[in-house]
Amino acid sequence: MSKILLINVLNNPNILLNVDEKISYQIITEARHLSLLGQLKACCDRAHIEHDLPLHTQQQLLSGFHSYQKQQQQLLLEHQHLTEQLQGVISSWRYLRGSALQFLNNDMFAGRIKNNIDIYVPQQHVANVEKTLLDNGWRYKNIADYEETFYRRWAQQTTPLIHKQRRTELAIHFQLLPKTLINKLDPTPLLHHHLSPPLCEPATLLSPDAMVLHQAIMLFHQINYHYGLRDIYSLYLQFVYFSKDATFWHNLT
């Protein structure tokens, strides 16, 4: 049997039904390492094979999915706090990346783990938003001096924040695209349209075409590709889901 990789299983989860314990362990280990365990569980659910898998595999997949559910609950809680704290400071903000996919609350993106909560705030409002959060239990995350210099000089976001009690991490983006892009792109078209799921009011999400384009640009300009497979798989799922709308490809182009 040729070597079976996690990407093969994500493409055809039925493979898991016909592998030995050693290969199954390797697949589960790789999925956990790449924060894809919850999405692998959702993938098996969509293929209707979740109950046909060995009990140990089911337990491992369920464990990863529980981490996703806990994150989703935490995101909703933090959204409530942000809505209260930012009232009168800014009328709206946009959730990005993994946070946006969790707010879509769609089975296609179930299990998607995020590293932190990412929000976009226009640059003229960043100082007031940052000050308000620092006055409400948030503090700067402890990072090395060279990382601090990088964030201040080259990043498109502020130094990451972490809540003192809840330990949630938050990144405030004041630019959608990296400052380090060699070919400078105008991010304005990415903000022309948006999605407004009731779950995230008064905040919004990027439109489907902008969400895909933004994630693709960020993926191919990363320095650390530790979660590369997760992000590529996430893009794939977005293409599959959003392309059900006949206008998606036209808008993306």
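Residues numbered from 1 in each chain as written. Predicted model: local features only at pLDDT ≥ 70, side-chain atom pairs only at ≥ 80, totals over all residues. Heavy atoms only, no water.

Participant: Could you clarify how one ought to interpret the overall build of the protein in this entry?
Facilitator: Counting its regular elements, the protein contains 10 helices and seven strands. Along the three orthogonal principal directions, the C-alpha set of the protein runs to about 55 × 45 × 40 Å. Relative to its 253 residues, the protein shows a buried fraction of 47%. Restricting the contact set of the protein to residue pairs at least 6 apart, pairs at least 24 apart contribute 64%. Charged side chains in the protein number 22 positive and 21 negative. The centres of these two groups are separated by 5 Å. (Helix = DSSP H or I, 4+ residues; strand = E, 2+ residues; numbered from the N terminus. Buried < 20%, exposed > 50% of the residue type's maximum accessible area, 1.4 Å probe, protein only. Contact = heavy atoms within 4.5 Å. Lys, Arg positive; Asp, Glu negative; His and termini not counted. Charge placed at Lys NZ, Arg CZ, Asp CG, Glu CD.)

Participant: Honestly, the nonpolar core in this entry has me stumped. Any pointers?
Facilitator: Side chains that are nonpolar tend, in soluble globular proteins, to be buried together. Judged by nonpolar contacts, the single largest core of 63 residues is most densely connected at L40, W93, Y95, L133 and L170. The biggest single contributor to this core is helix α8 (residues 208–219), with six residues. Of all hydrophobic cores here, the second largest spans five residues; its members include A42, F65, A110 and I113. (Core = buried A, V, L, I, M, F, W, Y, C linked by side-chain atoms within 4.5 Å.)

Participant: How should I be thinking about the sheet that holds strand β3 (residues 138–140) in this particular structure?
Facilitator: Strands pair in a sheet through their backbones, by hydrogen bonds, and they do so in one of two ways: parallel or antiparallel. As summarised here, the arrangement of the seven strands in space is β3-β4-β5-β2-β1-β7-β6, forming an open sheet in which the pairing is mixed. Strand pairing shows two members of the sheet lacking a second neighbour, β3 and β6 (194–195), which therefore form its edges. Bridge analysis of strand β1 (residues 94–96) against strand β7 (residues 204–206) gives two bridges, and the strand direction is parallel. Residue R94 lies in a different strand from β7, and its bridge partner there is T204. (Pairing = 2+ DSSP bridges.)

Participant: How should the pairing of strand β5 (residues 169–173) be read in this particular structure?
Facilitator: When a strand is regular, its side chains alternate between the sheet's two faces. In terms of residue burial, β5 counts as a mostly covered element, since four of its five residues are buried. Across four bridges, the pairing between strand β2 (residues 117–120) and β5 is parallel. In the sheet register, I117 faces β5, and the bridge partner there is L170. The pairing of strand β4 (residues 161–163) with β5 spans two bridges and is classified as antiparallel.

Participant: Any chance you could explain helix α5 (residues 97–104) here in plain terms?
Facilitator: Because the α-helix completes a turn every 3.6 residues, residues three or four places apart line up on one side. Most of α5 sits out of view: seven of its eight residues are buried. Within the span of α5, buried status applies to G98, S99, A100, L101, Q102, F103 and L104. The positive-phi residue at the C-terminal boundary of α5 is N105, with phi of around 50°.

Participant: Please explain the pattern of salt bridges as it appears in this structure.
Facilitator: Charged atoms that come close allow side chains of opposite charge to pair. Tallied over the entire structure, the rule returns six salt bridges. We note a salt bridge from K41 to D45, for which the minimum N-O separation is 2.8 Å. Taken as a pair, K41 and D45 lie in helix α3 (residues 37–46) at a separation of four residues, close to a single helical turn. Given the relative accessible area of 17%, K41 is considered buried. By relative accessible area, which is 21% here, D45 ends up partly exposed. Across the salt bridge formed by K141 and E169, the nearest N and O atoms sit 3.0 Å from each other. Residue K141 is located in the loop between β3 and α7 (145–153), and its partner E169 is located in strand β5; the two are separated by 28 residues in the primary sequence. Exposure remark for K141: the relative accessible area of 30% places this residue in the partly exposed category. (Salt bridge = Lys/Arg side-chain N within 4 Å of Asp/Glu carboxyl O.)

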